[in-house]
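Listed here are the chains, written in short residue letters.
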Amino acid sequence: MTTDWSTDPAEAAAHFARRLAVETDVSDVHAALESGAPGFVLLDSRSREAWDQGHVPGAVHLPGREVAARAEAELDRSVPVVTYCWGPGCNGATRAALALALLGYRVREMIGGFEYWAREGLPVETADGLTRPDVDPLTAPRTVSCGC
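1. A short note on the overall build of the protein
Alright, step 1. The number of helices and strands found in the protein is six helices and seven strands.
Alright, step 2. Its helices and strands in sequence order give the protein the pattern α-β-α-β-α-β-α-β-α-β-α-β-β, from N to C terminus.
Alright, step 3. For 148 residues, the compact-globule estimate of 2.2 N^0.38 gives 15 Å, and the C-alpha radius of gyration of the protein, at 16 Å, lies within 12% of that figure.
Alright, step 4. Along the first, second and third principal axes, the C-alpha atoms of the protein reach 55 × 40 × 30 Å.
Alright, step 5. Of the contacts formed within the protein by residues at least 6 apart in sequence, a portion of 61% connects residues at least 24 apart.
Alright, step 6. When the accessible area of the protein is evaluated, it comes to approximately 9100 Å², of which 55% is carbon and sulfur surface.

Now the structure itself:
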């Protein structure tokens, strides 16, 4: 297999800039939430069962299949939204972000989703309260920051 290296650097730069305009990561979302004034609402687009198993503290639960029907009543259009779903193997957050964008919301997707939130040892909320899972050394350094 031969890799095609013919992509113009300007085209590659435009592609990566576009991704950064619509994506954010777990570490940045956590830092923004910790600041007390994140400037966005965090939306968990998973099912009720997944939400009940654990979710990001402070997130709003709005299952992806219900975004189009419920967003107007439950979200302030003037506040940007960051969506998340299970993890990299699920495109539910992408579908929720698309639905919100089509409704006129400013939106980004939290890459890594809840899976990487938990794997990085960040707080998880359940009906029993807050817990902090152990940091997975394969996905996050012990400092919970990759240094980028």
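2. A short note on the packing of aromatic side chains
Describing an aromatic ring pair means giving the distance of the ring centres and the angle of the ring planes.
Alright, step 1. Applying the stated criterion across every chain, the model contains two aromatic pairs.
Alright, step 2. Measuring from ring centre to ring centre gives 6.4 Å for Tyr 84 and Phe 114, while their planes differ by 25°; the resulting arrangement is stacked. Here Phe 114 lies in helix α6 (residues 113–119) and Tyr 84 lies in strand β4 (residues 81–84), a separation of 30 residues in the sequence.
Alright, step 3. Phe 114 gets classed as buried once you look at its relative accessible area, which sits at 7%.
Alright, step 4. Here a set of aromatic residues connected by ring pairs shows up, and it is made of Tyr 84, Trp 86 and Phe 114.
Alright, step 5. A cation sits over an aromatic face here: Arg 46 above Phe 114, 4.4 Å from the ring centre.
Alright, step 6. One Lys or Arg, Arg 119, reaches over the ring of Tyr 116 and ends 5.1 Å from the middle of that ring.

3. Examining the nonpolar core
Nonpolar side chains in soluble globular proteins generally cluster together in the buried interior.
Alright, step 1. Core analysis: the biggest nonpolar cluster contains 16 residues, and Val 29, Leu 42, Val 56, Tyr 84, Met 110, Phe 114 and Trp 117 have the highest contact counts within it.
Alright, step 2. Elements with a contribution of two residues or more to this core: α2 (26–34), β4 and α6.
Alright, step 3. In this structure, Phe 114 is in contact with Arg 46, Gly 54, His 55, Val 56, Tyr 84, Cys 85, Trp 86 and Val 124, ignoring residues within four places of it in sequence.

4. Description of the pairing of β4
Alright, step 1. Of the two faces of β4, both are covered, the one formed by Val 81 and Thr 83 as well as the one formed by Val 82 and Tyr 84.
Alright, step 2. Inspection of the sheet shows β4 paired to strand β5 (residues 107–111) by three bridges, in the parallel sense. Pairing of Thr 83 across the sheet is with Glu 109, part of β5.
Alright, step 3. Considered for its hand, the β-α-β crossover made up of β4, helix α5 (residues 92–102) and β5 is right-handed.

Conventions we followed
- Residues numbered from 1 in each chain as written.
- Predicted model: local features only at pLDDT ≥ 70, side-chain atom pairs only at ≥ 80, totals over all residues.
- Heavy atoms only, no water.
- Helix = DSSP H or I, 4+ residues; strand = E, 2+ residues; numbered from the N terminus.
- Rg over C-alpha atoms; globule rule 2.2 N^0.38 Å.
- Contact = heavy atoms within 4.5 Å.
- Areas by Shrake-Rupley, 256 points an atom, 1.4 Å probe, with all protein chains shown as cover.
- Phe/Tyr/Trp six-rings, centres within 6.5 Å; stacked < 30°, edge-to-face > 60°.
- Buried < 20%, exposed > 50% of the residue type's maximum accessible area, 1.4 Å probe, protein only.
- Lys NZ or Arg CZ within 6 Å of the ring centre and 35° of its normal.
- Core = buried A, V, L, I, M, F, W, Y, C linked by side-chain atoms within 4.5 Å.
- Pairing = 2+ DSSP bridges.
- Right-handed = clockwise from strand over helix to strand, strands pointing away.

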